[in-house]
Each structure stands twice: as structure tokens, then as C-alpha cells.
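A structural walkthrough
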Amino acid sequence: MLSNFSVETAKLIAICTFLVSLVAGNVHQKMQLPLDPVTYCDPNQKKGVLTIGMVDKTDRFQDGEAAFILKQLHEIESEAKTNDHLTIFKIGPDVKRFGTPKPFFNMCKPPDGSEANGISEGKIAFQRNFEKKFKTPFENALQFVGREEQYNTSQIFELTASLKNREEVQNADNIRLIIFSNGVQNSVGVSQYPKSDVYFK
């Protein structure tokens with residue numbers, strides 16, 4: 001049988017352990033940097049891959065081309081890992097010679113709940129947050145792909161050159177640029193860019 005001294009000592013140790021854990025948890029929480037208010041990128045996580053998709057709307061898409069591009073963009077989103085950064089641009093008249101237009105979509109992929117512990121981490125809450133803050137905005141942003149548009153000139157080179165001035169490009173460790181275009185000016189034969197640097201679709 002434990003003495004009164006042993007019981008009191010055990011209680012004191014338990015209380016101290018609880019307080020240390022509580023303080024440590026609060027310190028850890030305070031050290032966590034907030035999510036980016038625009039892109040929802042998590043600075044506390046390892047940087048993901050930055051994928052930049054550029055959709056050239058200079059020429060009208062032929063039958064099936066818009067559907068093909070949408071399929072490719074959905075595959076890019078589906079294959080992206082948590083905290084990967086997706087940025088989608090439209091190449092059109094709003095691209096200025098020395099400026100970069102606002103992207104139609106520019107967000108990091110949040111946890112979707114697929115790896116969450118259903119009991120302690122609130123899997124449903126993760127899923128709702130994913131749908132509201134990422135999936136739905138992504139779907140809405142892609143509506144421009146199917147619209148009928150045609151312009152006299154393509155600003156594809158201007159937009160590509162201006163990307164280096166964007167903060168996410170300057171801070172990225174791994175960048176993938178994908179250009180969707182059916183214009184001859186963007187074909188491999190006449191492009192100014194090496195094949196290894198740009199994927200032509």
C-alpha cells in the first residue's frame with residue numbers, strides 16, 4: 001500500500017506533467033505561422049510544387065479542345081499534393097507587355113480529409129473546408145476555358161517573361177509551367193523556349 005507521501009507525490013507529478021504539456025502545446029500553437037490570407041498556403045509545411053497553367057485564348061478552340069484542356073487541368077488538381085500551389089492564367093488581351101494579369105486561380109491545396117483521423121482530427125470538417133475554400137473556387141475559375149473568345153495577338157511570351165516577378169515564383173523550389181495553346185507561335189518548331197523548360201499541349 002502506498003503511503004500518503006507517495007500518493008501526494010504521484011498527484012503532484014501528474015499535475016506538473018499536465019501543466020508542462022499544456023504550456024508546450026500553447027507555445028507550439030503560438031509558433032505556428034498563419035495561413036496566407038489569399039492563397040491559403042501553409043508556411044509551417046514543406047513547400048510544395050508550384051504548377052502554373054497558362055491557357056491561350058487567342059484562337060478559338062476546335063471541337064473537343066476545351067474539354068481536353070479542362071480534363072488536363074482537373075488531373076493536375078487531382079494529382080497535386082497537400083500544400084502544392086496551383087496558379088491558372090488566361091492568355092488574352094489583359095496581358096500587358098511588362099505586367100502580369102491577375103490569375104484566375106491562385107491557391108495552395110489544403111488537406112482534403114483523406115488522411116485525417118476521423119475521431120481526433122475531424123475528417124468531415126477537413127472535407128467541408130476543402131470543398132468550400134479550394135475545390136469550388138477551382139471549378140468556378142475554370143469556366144473561362146469553355147467561353148468563345150478570339151484575339152488578334154497572343155501575349156504568351158510577355159506573360160511567360162513576367163512570371164519571374166511574381167512572389168510565389170521567386171520563393172518556389174520546384175516549378176512546373178504548362179502552356180495550353182493551339183497557336184503556331186507556341187509550337188515547338190518556332191518557340192523561343194527549350195523543350196525541357198515548357199510542356200506544350
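Right above here is the structure, for reference.
This text gives an overview of the structure that appears in the document. If you're wondering where the values come from, they're calculated on a predicted model, not measured in any experiment. Starting from 1, residues in each chain are numbered consecutively following that chain's sequence as written. In view of the model being predicted, local features appear only for residues whose pLDDT reaches at least 70, and side-chain atom pairs are presented and counted only at 80 or more, with totals across whole chains, interfaces and linings using the full set of residues. Note that the side-chain values use all heavy atoms of the structure and ignore hydrogens as well as water.

**Considering the overall build of the chain**
A run of DSSP states H or I qualifies as a helix once it reaches four residues; a run of E qualifies as a strand once it reaches two. Both are numbered from the N-terminal end. Broken down by element type, the chain carries five helices and five strands. Counting over 201 residues, the chain shows a buried share of 34%. Put simply, 70% of the contacts in the chain that link residues at least 6 apart link residues at least 24 apart. Calculation of accessible area relied on Shrake-Rupley with a 1.4 Å probe; when residues are assessed, cover is drawn exclusively from the protein chains displayed. Working note: accessible area of the chain is about 13100 Å², and carbon and sulfur atoms make up 56% of it. A 1.4 Å probe rolled over the protein chains alone gives each residue an accessible area, and that area as a share of the maximum for its type sets the label: buried under 20%, exposed over 50%, partly exposed in between. Two residues form a contact once any of their heavy atoms are found within 4.5 Å.

**Description of unusual backbone geometry**
The phi torsion at Y40 lies on the positive side, around 60 degrees, for a residue other than glycine. Relative to the helices and strands, Y40 resides in the loop between α1 (4–31) and β1 (50–56). You will see that N83, though not glycine, has its phi angle at about 75 degrees, which is positive.

**Here we look at the pairing of strand β2 (residues 85–91)**
Counting buried positions along β2 yields seven of seven residues, so the element is predominantly enclosed. Residues of β2 alternate between two faces, with H85, T87, F89 and I91 on one and L86, I88 and K90 on the opposite face, all of them buried. Across seven bridges, the pairing between β1 and β2 is parallel. Within β2, the position partnered with I52 by the bridge is T87. The crossover handedness rule: strands pointing away from the viewer, path from first strand over the helix to second strand clockwise, crossover right-handed. Crossover connection from β1 via helix α2 (residues 65–79) to parallel β2: handedness right-handed. Strands are labelled as partners when DSSP assigns at least two bridges between them. Pairing analysis gives four bridges linking β2 to strand β3 (residues 105–108), with the strands arranged antiparallel. Across the sheet, the residue bridging to H85 is C108, located in β3.

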